[in-house]
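Notes for the structure review
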Amino acid sequence: MRAAVLHAFGQVPQWEEFPQPVPRDGEELIEVTAAPLNNIDRVRADGSHYSVRSGEYASGGLPAVPGVVGAGRLPGGQRVLFGSRCGTMAQYSVASEQATFPIPGGLDDAVAAAAWNPGLSAWLAFGWRCPLQPGQTVLILGATGVTGKLAVQAARHFGAGRVVAAGRNQQVLEMLSGLGADAVIQLGQPAGAVAAAFNAEGGEHGYDLVVDYLWGRPTEILLGAIDRGDAHLGSERVRLLQAGEMAGSSISLPGSVLRSAGLEVLGLGTGTMPPPDVIRRMLAELLDLLASGKLHIDIERVQLSAVGEMWTRDQQGRRPVFIP
Ligand SMILES: NC(=O)c1ccc[n+]([C@@H]2O[C@H](COP(=O)([O-])OP(=O)(O)OC[C@H]3O[C@@H](n4cnc5c(N)ncnc54)[C@H](OP(=O)(O)O)[C@@H]3O)[C@@H](O)[C@H]2O)c1
């Protein structure tokens, strides 16, 4: 079969011949119809994601086929989303029954495949990891990305009272009110202006939940802004959900902000997933909303043979989806 093949960490995958995977007991062969290029695929391929210490890259070694999720056809013709130990950026893959999810009628394979990783992350953020109380104030750091845009919509879906969206790309920022943001913050401004905007847009009450796809400097500016530095009666809670690291892999965390601002830090990622029934329920809800047009994601269909050109391109808020 033809596939995107990664030969060494840090290299760009190449479109070439690769042995077709053979299903093990309990697995089915899947004819792949769509395989999105998510950021997790990039950081796994450069060797920096924690998940490469286990899984197929560690056990099977390289060369290997990238791609953690995809859409395809089972031998009986059913359309499914699937996750695979063998990678998804290929003409064929394999998946166990537990790792396949039906695609609702009327929903395009490429759209469903594109939405799984970023959409489920957004759904799990508000619906499971940091359950949102109706009316709460939410800040999304990195709201201009594919995942951030879905998080804006998820915050609305789960009943946020106020949604503040922060990012750099002005064109995308301007679209976010149409997805449910009440206010946007331009992160390209000088740090002082960004800090002032964080305080102004959070209002007197401040943020109940920050979903953070950036980390690094923008997060440090936020923490400086919410550090009250004064005695404060009445307990307040700011949950900071660490979900991505586009602006840096670490931050400097002043102890005072934990004490003065009621900051609580949690993480969400492949190492902090809920039980399978929660994933199935959330994914089904997400796919139904997509199928009924109530949830929006921008995608760009690309032939898988162009994997090398697409691999390092800035996505500008759109998710590339490879068609084998
Ligand atoms: N934990 C999870 O479950 C989960 C799931 C999905 C994604 N993620 C992670 O979330 C992050 C974003 O994913 P995505 O799908 O939204 O990616 P994306 O569509 O490629 O968007 C990238 C985002 O990062 C911003 N960005 C990049 N470099 C930046 C910098 N130096 N300073 C400030 N902003 C910067 C971009 O801002 P502009 O476009 O405005 O410049 C854009 O908002 C990634 O780290 C990804 O791995 C985590």
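Per chain, residues are indexed from 1 in the order of the written sequence. Thresholds applied to this predicted model are a pLDDT of at least 70 for local features of residues and 80 or more for the giving and counting of side-chain atom pairs; totals over whole chains, interfaces and linings are not thresholded and use all residues. Only hydrogens and water are removed before side-chain values are computed, so all heavy atoms of the structure are retained for them.

Right, let's get into the site of the ligand. By convention in this text, a residue qualifies as near a molecule or strand provided that one of its non-hydrogen atoms is within 4 Å of it. In the vicinity of the ligand there are 23 residues, among which N39, T144, T147, N169 and L268 approach most closely. Distance and chemistry together define a polar contact, namely a pair of N or O atoms within 3.5 Å, with one atom able to donate a hydrogen and the other to accept it when in protein, and with adjacent residues in sequence counting only for side-chain atoms on both sides. Interatomic distance of 2.9 Å between a side-chain N/O atom of R168 and an oxygen atom of the ligand. One nitrogen or oxygen atom from the main chain of L268 is found 2.6 Å from a nitrogen atom belonging to the ligand. Runs of E in the DSSP output that reach at least two residues are strands. Runs of H or I that reach at least four are helices, and both are numbered from the N terminus. Top element by residues in the shell around the ligand is helix α4 (residues 146-157). It accounts for 3 residues. Class assignment of the residues belonging to the shell around the ligand gives a composition of 7 nonpolar, 13 polar and 3 charged. Structurally, the shell around the ligand is a two-domain feature, drawing no fewer than three residues from each of domain 1 (2-102 + 294-323) and domain 2 (119-267). Residue polarity follows a fixed list, in which Ala, Val, Leu, Ile, Met, Phe, Trp, Tyr, Cys and Pro are nonpolar, Asp, Glu, Lys and Arg are charged, and the others, Gly among them, are polar. Either an automatic procedure or a domain database provided the assignment from which the domain bounds are taken.

Moving on: helix α9 (residues 276-291). Within an α-helix, residues lying three or four positions from one another point in the same direction, as the helix has 3.6 residues per turn. What a helix should span is 1.5 Å times the count of its residues minus one. The terminal C-alpha atoms of α9 lie 22 Å apart, and with 16 residues this matches the ideal 22 Å at 1.5 Å per residue to within 8%. Only heavy atoms enter the contact rule, under which two residues are in contact if any of them lie within 4.5 Å. Turning to α9, the residues buried within the fold contact β5 (79-83), β7 (100-102), α3 (109-129) and α4. Trailing α9 by a residue or two, G293 shows a phi angle of about 75 degrees, which is positive.

Moving on, we come to the pattern of salt bridges. The salt bridge definition used is simple: a Lys or Arg side-chain nitrogen within 4 Å of an Asp or Glu carboxyl oxygen. Applying the stated criterion to the full structure yields 11 salt bridges. Taking the shortest distance from any N to any O, the salt bridge between E27 and R85 comes out at 2.8 Å. Of this pair, E27 sits in strand β3 (residues 27-36) while R85 sits in the loop between β5 and β6 (92-96), and the two are 58 residues apart along the sequence. Note that D109 and R73 form a salt bridge whose closest N and O atoms lie 2.9 Å from each other. Here R73 lies in strand β4 (residues 69-73) and D109 lies in helix α3, a separation of 36 residues in the sequence. For the exposure calls, accessible area comes from a 1.4 Å probe over protein chains only, and a residue counts as buried if that area is under 20% of its type's maximum, exposed if over 50%, partly exposed in between. Relative accessible area serves as the criterion here: at 9%, D109 is assigned to the buried category. It is possible to trace a salt-bridge network through shared partners that takes in R73, R79 and D109.

For this analysis, a ring pair means two rings from Phe, Tyr or Trp (six-membered ring only for Trp) whose centres lie within 6.5 Å, classed as stacked if their planes differ by under 30 degrees, edge-to-face if by over 60, and tilted for the remaining angles. Across all of its chains, the model carries 2 aromatic pairs by this definition. Ring centres of F101 and W116 lie 5.1 Å apart, and the angle between their planes is 80 degrees; this geometry places the pair in the edge-to-face category. You can see F101 sitting in strand β7 and its partner W116 sitting in helix α3, a full 15 residues away along the chain. Each of the two residues, F101 as well as W116, counts as buried. When the ring of W123 is compared with that of F158, the centres are 5.6 Å apart and the planes differ by 70 degrees; the resulting orientation is edge-to-face. Within this pair, whereas W123 is found in helix α3, its partner F158 is found in the loop between α4 and β9 (162-167), the two being separated by 35 residues in sequence.

Let us now look at the domain arrangement of the protein. In many reports, interface size means the accessible area that the parts give up when they come together. In terms of domains, the protein is made up of domain 1 (2-102 + 294-323) and domain 2 (119-267). Computed from C-alpha atoms alone, the centre-to-centre distance between domain 1 and domain 2 is 30 Å. Between domain 1 and domain 2, the residue contacts involve 11 residues of the former and 11 residues of the latter. Throughout, buried area stands for the accessible area (probe radius 1.4 Å) lost by two parts on being put together, summed over both. With both chains or domains summed, domain 1 and domain 2 bury close to 800 Å², and 59% of this area falls on carbon and sulfur atoms. If you sort the residues of domain 1 by the area they bury against domain 2, L295, H296 and G317 come out on top, with a joint share of 50%. Taken together, the links from domain 1 to domain 2 amount to 1 salt bridge. For K149, the salt bridge identified is with D298, shortest N-O distance 2.7 Å.

In this text, buried Ala, Val, Leu, Ile, Met, Phe, Trp, Tyr and Cys residues form a nonpolar core when linked through side-chain atoms within 4.5 Å. Formed by 55 residues in total, the largest nonpolar core has its most connected members in L81, F126, I140 and I297. At the level of elements, β4, α3, β8 (137-141), α4, β9, β11 (209-212) and α9 are the ones that each hand at least two residues to this core. Broken down by element, this core gets its largest block of residues, 13 residues, from α3. When residues of this core are assigned to domains, at least three map to each of domain 1 (2-102 + 294-323) and domain 2 (119-267). Contact partners of L81, with chain neighbours within four places excluded, come to G70, A71, A99, T100, F101, I103, A112, A113, W116 and L287. Counting residues in hydrophobic clusters, the runner-up holds 24 residues, among them I185, F198, L222 and V257.

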